[in-house]
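So the chains spell out like this:
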Amino acid sequence: MYKFAALVAIALLSAGCSQSATSGSSMSTVGYAFAPPAANTFCTRQPGLCSTAGKTKVMALTEARMNDLKRVNASVNQRIRQREDIATTGRDDDWRLPTSVGDCEDIAILKKNELRKLGWPASTLLLTVATYGGTGHTVLTVRTDSGDLILDNRTGAIRNWKSTPYRYFARQSQSESGRWTRIGV
């Protein structure tokens, strides 16, 4: 994951893309981005877990749906021990659906999978890459009518994307499964 994030950062900076706070609470996207290489391999094996298909662009954030987010975030964070890919698979970056251990993208994939089982549309659950302190990180962005919310393995809190410490670069395209889009300024 770390090498990928560094490559994304270089590619986006060379393309003149930078991240800053913007008005509103939803991410804006500005064109296409390269998918993480390990994401492509994973999506070939597990296309259903990578899907962003669906017509729903944002979910109405009812109390019951917020409870879904809290329950899934807490449950996955408690069940899955954070462990880097190199220690578990011997590879630098290997996306998987975890059962007991995994790194940030594995945990985000599991959260997406569990929310899908609860009836959340894939089009509102987007894997998203960011950096923090120069280190790559993947979270799950949940598109709601209350803004884009982040489910993160580093915290039990569910926060609006602008209230997190991350520099966001790219996320799954909401309208084209298999594509990724850059996060705009």
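Owing to the predicted nature of the structure, the values given are computational and were not obtained by experimental measurement.

Engineer: Whenever I open this one, the overall build of the chain confuses me. Can you help?
Structural biologist: Tallying secondary structure elements over the chain gives 6 helices and 9 strands in all. Here the chain holds 185 residues, and the buried ones make up 49% of them. In the chain, the proportion of contacts linking residues at least 24 apart, taken out of those at least 6 apart, comes to 66%. For the chain, the exposed surface amounts to about 8,500 Å²; the carbon and sulfur share of it is 53%.

Engineer: Where do I start with the nonpolar core in this structure?
Structural biologist: Generally speaking, nonpolar side chains in soluble globular proteins are found buried as a group. Ranked by size, the top nonpolar core spans 29 residues in total, and within it Leu-69, Trp-95, Leu-115, Leu-140, Val-142 and Trp-180 carry the most contacts. For this core, the secondary-structure elements that each account for two or more residues are helix H2 (37–45), helix H3 (47–50), helix H4 (63–79), helix H6 (104–117), strand E4 (125–132), strand E5 (135–144) and strand E6 (147–151). Here the element with the most residues in this core is H6; it accounts for 5 residues. Apart from residues lying up to four places away in sequence, Trp-95 is in contact with Pro-36, Ala-38, Ala-39, Phe-42, Arg-45, Glu-105, Asp-106, Ile-109, Leu-127 and Trp-180. In terms of nonpolar packing, the next biggest core, distinct from the first, is built from 8 residues, Met-27, Ala-130, Ile-150 and Tyr-168 among them.

Engineer: What exactly am I supposed to notice about the packing of aromatic side chains here?
Structural biologist: For any pair of aromatic rings, the description consists of the separation of the ring centres together with the inter-plane angle of the planes. Counted by the stated rule, this structure contains 4 aromatic pairs. For the ring pair Tyr-132 and Tyr-166, a centre distance of 5.7 Å and an interplane angle of 85 degrees mean the geometry is edge-to-face. Linking Tyr-132 in strand E4 with Tyr-166 in the loop between strand E7 (159–160) and strand E8 (167–172), this pair joins segments that are 34 residues apart in sequence. A relative accessible area of 8% means that Tyr-166 is categorised as buried. Measuring from ring centre to ring centre gives 5.7 Å for Trp-161 and Tyr-168, while their planes differ by 75 degrees; the resulting arrangement is edge-to-face. Relative accessible area serves as the criterion here: at 4%, Trp-161 is assigned to the buried category. Residue classification places Tyr-168 among the buried positions, given a relative accessible area of 2%. The side chain of Arg-179 reaches across the aromatic face of Tyr-32, ending 3.6 Å from its centre.

Engineer: Even after reading the chapter, I still don't get the sheet that holds E7, so can you show me in this structure?
Structural biologist: Two orientations exist for strands paired in a sheet by backbone hydrogen bonds: parallel and antiparallel. Taken in spatial order, the 7 strands of this open sheet run E1-E9-E8-E4-E5-E6-E7, and their pairing is antiparallel. In this open sheet, the two strands that pair with only one neighbour each are strand E1 (29–33) and E7. Judged from the 8 bridges that link them, E4 and E5 form a sheet pairing that is antiparallel. The residue bridging Thr-128 from the neighbouring strand is Val-139, located in E5. Against the sheet, H6 engages E4, E5, E6 and E8, with an angle of about 15 degrees to E5.

Engineer: Please clarify how the state of the cysteines should be interpreted in this entry.
Structural biologist: Structurally, a disulfide amounts to a covalent bond that connects the sulfur atoms of two cysteines. Following the criterion strictly, the structure yields 1 disulfide and no others. Between the sulfur atoms of Cys-43 and its disulfide partner Cys-50 the distance amounts to 2.0 Å. Because the torsion about its S-S bond is -90 degrees, the bridge between Cys-43 and Cys-50 counts as left-handed. Among the residues examined, Cys-50 registers a relative accessible area of 6% and is labelled buried.

Here is what the cut-offs are and how they apply
Residue numbering note: each chain is counted from 1, following its sequence as written. For this predicted model, a pLDDT threshold of at least 70 governs which residues receive local features, and a threshold of 80 or more governs which side-chain atom pairs are given and counted, while totals over whole chains, interfaces and linings are taken from all residues. Just so you know, side-chain values use all the structure's heavy atoms and leave hydrogens and water out. Helix and strand definitions here come from DSSP, where helices need a minimum of 4 consecutive H or I residues and strands a minimum of 2 consecutive E residues; each element is numbered from the N-terminal end. Think of it in three bands: with a 1.4 Å probe and only protein chains considered, a residue is buried below 20% of the maximum accessible area for its type, exposed above 50%, and partly exposed in between. Whether two residues are in contact is decided by their heavy atoms, any of which lying within 4.5 Å being enough. Under the convention used here, a 1.4 Å probe and the Shrake-Rupley method define accessible areas, while residue burial counts only the protein chains that appear. Residues grouped as a nonpolar core are buried Ala, Val, Leu, Ile, Met, Phe, Trp, Tyr and Cys residues, joined through side-chain atoms within 4.5 Å. Note on ring pairs: Phe, Tyr and Trp rings are taken, using the six-membered ring of Trp, and paired if centres are within 6.5 Å. Classes follow the plane angle, with under 30 degrees stacked, over 60 edge-to-face and the rest tilted. We call a charge positioned over a ring when the NZ of a Lys or the CZ of an Arg lies within 6 Å of the ring centre and within 35 degrees of the ring normal. By the convention used here, strands pair only if DSSP detects at least 2 bridges between them. Every axis corresponds to a line fitted to the C-alpha atoms, with the helix fit spanning only the stretch in contact, and the corresponding angles, defined between N-to-C directions, vary from 0 to 180 degrees. In plain terms, two cysteine sulfur atoms within 2.5 Å form what is called a disulfide here.

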